[in-house]
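One letter stands for each residue in the lines below.
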Amino acid sequence: MVEHARMHAKHRGHEAMHAEMVLILIATLVVAQLLLVQWKQRHPRSYNMVTLFQMWVVPLYFTVKLHWWRFLVIWILFSAVTAFVTFRATRKPLVQTTPRLVYKWFLLIYKISYATGIVGYMAVMFTLFGLNLLFKIKPEDAMDFGISLLFYGLYYGVLERDFAEMCADYMASTIGFYSESGMPTKHLSDSVCAVCGQQIFVDVSEEGIIENTYRLSCNHVFHEFCIRGWCIVGKKQTCPYCKEKVDLKRMFSNPWERPHVMYGQLLDWLRYLVAWQPVIIGLVQGINYVLGLE
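The name given to the protein in an unreviewed UniProt entry is Ring finger protein 121, and the organism recorded there is Prolemur simus. In its Subcellular location (unreviewed entry) section, the UniProt record describing the protein reads: "Membrane".

Caption draft 1: Representation of the packing of aromatic side chains within the structure. Within this structure, the stated rule accounts for 14 aromatic pairs. Where Phe78 meets Tyr156, the ring centres are 5.2 Å apart and the plane angle is 65°; that geometry is what we call edge-to-face. Within this pair, whereas Phe78 is found in helix α4 (residues 69-89), its partner Tyr156 is found in helix α6 (residues 139-175), the two being separated by 78 residues in sequence. The pair Phe78 / Tyr156 is uniform in exposure class, with both members buried. Here Tyr152 and Tyr156 contribute two aromatic rings whose centre-to-centre distance is 6.2 Å and whose plane-to-plane angle is 25°, an arrangement assigned as stacked. A residue pair is termed a helical-turn pair when its members lie 3 or 4 positions apart in one helix, as Tyr152 and Tyr156 do in helix α6 at four residues. Accessibility classification places Tyr152 together with Tyr156 in one group, the buried group. Through a chain of ring-to-ring contacts, the aromatic side chains of Phe71, Phe78, Trp105, Phe151, Tyr152, Tyr155 and Tyr156 assemble into a single cluster.

Caption draft 2: Region of the structure containing the side chain of Thr82. Tracing the sequence through the fold places Thr82 in helix α4. The exposure class of Thr82 is buried, given its relative accessible area of 1%. Once you skip the residues sitting within four places of it in the chain, Thr82 turns out to touch Trp105, Phe106 and Phe163.

Caption draft 3: Fine view of the UniProt feature "transmembrane region" (unreviewed entry) in the protein. In the numbering adopted here, UniProt assigns the feature "transmembrane region" (unreviewed entry) to residues 21-39, 71-89, 109-135 and 142-159. Across residues 21-39 one finds 100% helix and 0% strand; the C-alpha atoms that close the span lie 26 Å apart. The span residues 142-159 is 100% helix and 0% strand, and its two end C-alpha atoms sit 26 Å from each other.

Caption draft 4: Structural detail: the packing of helix α3 (residues 44-66) against α4. As a packed pair, α3 and α4 sit with axes 9 Å apart at the nearest point and diverge in direction by 150°. When the interaxial angle is binned, α3 and α4 end up roughly antiparallel. Once α3 is placed against α4, the crossing between them reads as left-handed. Contact with α3, carried on its side by Trp56, Pro59, Leu60, Thr63 and Val64, involves Trp69, Phe71, Leu72, Trp75 and Ser79 of α4 and no other residues of that element. Looking at the contact of α3 with α4 residue by residue, the classes come out as eight nonpolar, two polar and no charged.

Analysis parameters
Residues numbered from 1 in each chain as written. Predicted model: local features only at pLDDT ≥ 70, side-chain atom pairs only at ≥ 80, totals over all residues. Heavy atoms only, no water. UniProt positions renumbered as here; feature names shortened; annotations may be inferred. Phe/Tyr/Trp six-rings, centres within 6.5 Å; stacked < 30°, edge-to-face > 60°. Helix = DSSP H or I, 4+ residues; strand = E, 2+ residues; numbered from the N terminus. Buried < 20%, exposed > 50% of the residue type's maximum accessible area, 1.4 Å probe, protein only. Contact = heavy atoms within 4.5 Å. Axes fitted to C-alpha atoms, helices over the stretch in contact; angles between N-to-C directions. Parallel < 35°, antiparallel > 145°, perpendicular 65-115°, else oblique. Left-handed = near helix turned anticlockwise from the far one by under 90°. Nonpolar A, V, L, I, M, F, W, Y, C, P; charged D, E, K, R; others polar.

Quick look at the structure:
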């Protein structure tokens, strides 16, 4: 009885303190979200660069702290190759083979991340329906496996798309057929691809041995691999030369290759969760510490 009274006296007033901490958390989340939205609308380039940097670095802290060595090894391999590819993409003058190298690497990661995410999602659904018992796999092991694959697929899918978009902008502006202002610094010839700057040898109506040529609705022609890399990997839905809207449904018959609105929202949510949520939680803890709340 005495011990209970001591505990009650020790924790007296904690309810009000906890309510104050919850209000601080909600207020910080709302204010931070408004600031991030304004930043993204007014200065999208700096917002994207900072978000990409945090998406790349923040998981490293938790990986080392929680000893997730498998994730760390994959992160190091991905970072090393991506850093090399990004370095090549930002060089001036641009080496002729660089655009293809960039798109091949990010297209590979794109396909691997999609496949990994789908397998992870299927593993989670199989576990929810109890199908893991058919293979004598414990539910917790099956769920951990599925969630891990799903996170790997989404996380590296986001990183790949953001790095690819940045590299696509650098390369296209370096070649001179594309600029943020919309005014190209070079005139596009009918025999030159505006994505890679190389000659087009196969006519649109001909069947190429190695690669076909593709014509957009604006009548500008490109190597099929280049325009697919520009739209799928680089997240661009406009012509690399005149910025006219691209009809993605006509270009890509495979629904998995179409940049979908829901998928884009999912990626934005994951960026916020990984890049900004730890920062906001840290800010809330700092405010609570300054105010003496525990």
